[in-house]
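As a plain string of letters, each chain reads:
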Amino acid sequence: MKNESAELIKSTKIAQITAYRISYGSLLQAFATQIAFKTYGMTLELFCFEPSGRDNFYRRLMKGIRYPNVIVEKTKEYWSNLIHTEYLNSKKKRDKEFLDFMYRNMVCTEVMKTIEQRDKKIKDYEVVLSGSDQTWNPVNFGEKYFTCEFVPDEIKLVSYASSFGREKIPNGQVRGTRWYLGRFSKISLRETSGREIVKKLTGKMQPVVLDPTLLLKADEWYKYVANNKQIDKNYIFTYFLSAKKEFRKKVLNLKQETGFQVITVPHVAQYVQADIDYSDVLVNGCAPDEWLALIKDAECICTDSYHGMIFSIIFKKQFIVMKRFRDRSNVSANTRIYEVLDKLGLENRLWNGGNLYFQMRQKIDYDLVEEKLMKYRQWSYHYIQNILNED
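From a predicted model like this one, the values you see are computed outputs, not experimental measurements. (Residues numbered from 1 in each chain as written. Predicted model: local features only at pLDDT ≥ 70, side-chain atom pairs only at ≥ 80, totals over all residues. Heavy atoms only, no water.)

J.: Sorry if this is basic, but what is going on with the pattern of salt bridges here?
T.: When their charged atoms lie close together, side chains carrying opposite charge are able to pair. Using the criterion set out here, one finds 16 salt bridges in the structure. Between Lys-96 and Asp-100 there is a salt bridge, with its nearest N and O atoms 3.0 Å apart. With a gap of four residues between them, Lys-96 and Asp-100 both fall in helix α5 (residues 85-105), about one helical turn apart. Of the residues examined, Asp-100 reaches a relative accessible area of 31% and is grouped as partly exposed. Here Arg-190 makes a salt bridge to Asp-211, at a shortest N to O gap of 3.0 Å. Of the two residues, Arg-190 is situated in the loop between α7 (174-181) and α8 (192-202) and Asp-211 in the loop between α8 and α9 (218-221); the sequence distance between them amounts to 21 residues. Take Arg-190: its relative accessible area is 3%, and that puts it in the buried class. Because the salt bridges share partners, they merge into one network encompassing Asp-133, Arg-190, Glu-191 and Asp-211. (Salt bridge = Lys/Arg side-chain N within 4 Å of Asp/Glu carboxyl O. Helix = DSSP H or I, 4+ residues; strand = E, 2+ residues; numbered from the N terminus. Buried < 20%, exposed > 50% of the residue type's maximum accessible area, 1.4 Å probe, protein only.)

J.: I keep staring at the packing of aromatic side chains and nothing clicks. Help me out?
T.: Working definition: an aromatic ring pair is given by the centre-to-centre distance plus the angle between the planes. Throughout the structure, instances matching the rule amount to 26 aromatic pairs. Centre to centre, the rings of Trp-136 and Phe-184 are 5.3 Å apart; their planes meet at 70°, and the pair counts as edge-to-face. Note that Trp-136 is positioned in the loop between β3 (127-130) and β4 (156-159) and Phe-184 in the loop between α7 and α8, a separation of 48 residues in sequence. Like Trp-136, the residue Phe-184 is buried in the burial classification. Aromatic rings pair up to connect Tyr-24, Phe-31, Phe-98, Phe-101, Trp-221, Tyr-222, Tyr-224, Tyr-239, Trp-291, Phe-311 and Phe-315 into one cluster. (Phe/Tyr/Trp six-rings, centres within 6.5 Å; stacked < 30°, edge-to-face > 60°.)

J.: What's the story with the sheet that holds β3 in this structure? I'm lost.
T.: The strands making up a sheet are joined through hydrogen bonds of the backbone, oriented either antiparallel or parallel. The four strands lie next to each other as β2-β1-β3-β4, forming an open sheet whose pairing is parallel. At either margin of the open sheet sits one strand with a lone partner, and together these are β2 (44-46) and β4. On average, each strand axis in the sheet is tilted by 30° relative to the strand beside it, whichever way the strands run. (Pairing = 2+ DSSP bridges. Axes fitted to C-alpha atoms, helices over the stretch in contact; angles between N-to-C directions.)

J.: Could you clarify how one ought to interpret unusual backbone geometry in this entry?
T.: A cis amide bond links Gly-131 to the next residue, Ser-132, at an omega of 5°. The backbone phi angle of Asp-133 is positive, close to 75°, even though this residue is not glycine. For Asp-133, the position within the fold is in the loop between β3 and β4. Residue Cys-148 is not a glycine yet carries a positive backbone phi of 65°. Inspection of the secondary structure assignment puts Cys-148 in the loop between β3 and β4.

J.: Sorry, what's going on with the sheet that holds strand β8 (residues 300-303) here?
T.: If you trace the five strands from one edge of the open sheet to the other, you get β7-β6-β5-β8-β9, paired in parallel fashion. On the outer flanks of this sheet lie β7 (281-282) and β9 (318-321), each paired with one strand and no other. Note: β8 against β9, four bridges, orientation parallel. Note that in β9 the partner of Cys-300 across the bridge is Gln-318. Each of β5 (235-239), β6 (261-264) and β8 is contacted by helix α12 (residues 288-296), which is oriented at about 135° to β5, the strand it contacts most. Packing of helix α13 (residues 306-314) onto the sheet brings it into contact with β8 and β9, and relative to β9 it is tilted by some 160°. (Contact = heavy atoms within 4.5 Å.)

J.: Before we go on, may I ask you to explain the pairing of β5 in this structure?
T.: Within a regular strand, side chains alternate between the sheet's two faces. Where burial is concerned, most of β5 is hidden: five out of the five residues are buried. Of the strand pairs in this sheet, β5 and β6 are connected by four bridges, and their pairing is parallel. Directly across from Phe-237, in β6, lies its bridge partner Ile-263. Traced from β5 through helix α10 (residues 245-258) to β6, the parallel crossover comes out right-handed. Pairing between β5 and β8: four bridges, direction parallel. By the bridge assignment, Ile-236 is partnered in β8 with Cys-300. (Right-handed = clockwise from strand over helix to strand, strands pointing away.)

The structure is reproduced here in structure tokens:
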């Protein structure tokens, strides 16, 4: 009976709907999800939908109406990027490296550009997996994609480590969120704050599991790290998703006190002059395996990125993570960082606003961190193993 069940799982066609080309973290979490599910014989196919033309215009318009501050920032980014050809060239190279990594290491569909292509392709699957990452962030509400509202009723919906990225959702989204959550037969969340949202809306307590990148240990990630060491000298690696000059100034102070070089992978969404001004080496168009290598080989890391923090932990590095958003901002996703730090006893790795050098020098007990991670991994893998089973 077990053999029959295993064969049935292997033959099940599963689409993976998640973010994958927004940043290094988004791509690597999608990749790690496939590796983790493969452990139990499940093959996920990354569903590559990148709308263009009128479909993309409508998507951006709806997002702009709901979050005008987001559209203002995106407009600024667009014009800034347009006049800085070096950034555009870097972005083209990075996009190519992302695609190369995807098609070399993952199971993916061809890229679909229209809603018609998307709606036709989704009918090929028996199950759709949503997550991980911020698939249910309120910013995505109304697009009907990451929330899987376009998926026909006869296709089973499940989620792994889905995240809202915040502690509450806008009042105007409560009814719609409750409806799409009700379509899922299995739900797991990445944060306890997400679990509280789901409990409030559905009355059901759902499990909290690890971000998929944390399911793989360092020795498993080493297989996908570029093996050519790019920098011979000791260095501070920085990766910022915000354009805050204050962070870069503090890194320069850290450089002066340590004598280390500053190696930077620049802002992924826009041209930032400060990235050029404070870096000794600016790694443009960085491939995902090179990005991993830069973290692995660094003496220490400064970042405001969730997955920049995660991979610093995986590779057992000294690191400091900075707050990318103001806590009261309506697009703040700080809660996901706080939760990982709290869960692993790493609260002192959140920058306290003071001297980076003194805070960075506090040693991390990675034996204790790994002990905690092992328990969370066991629980998360148990959920994956049973995700297709009927309750």
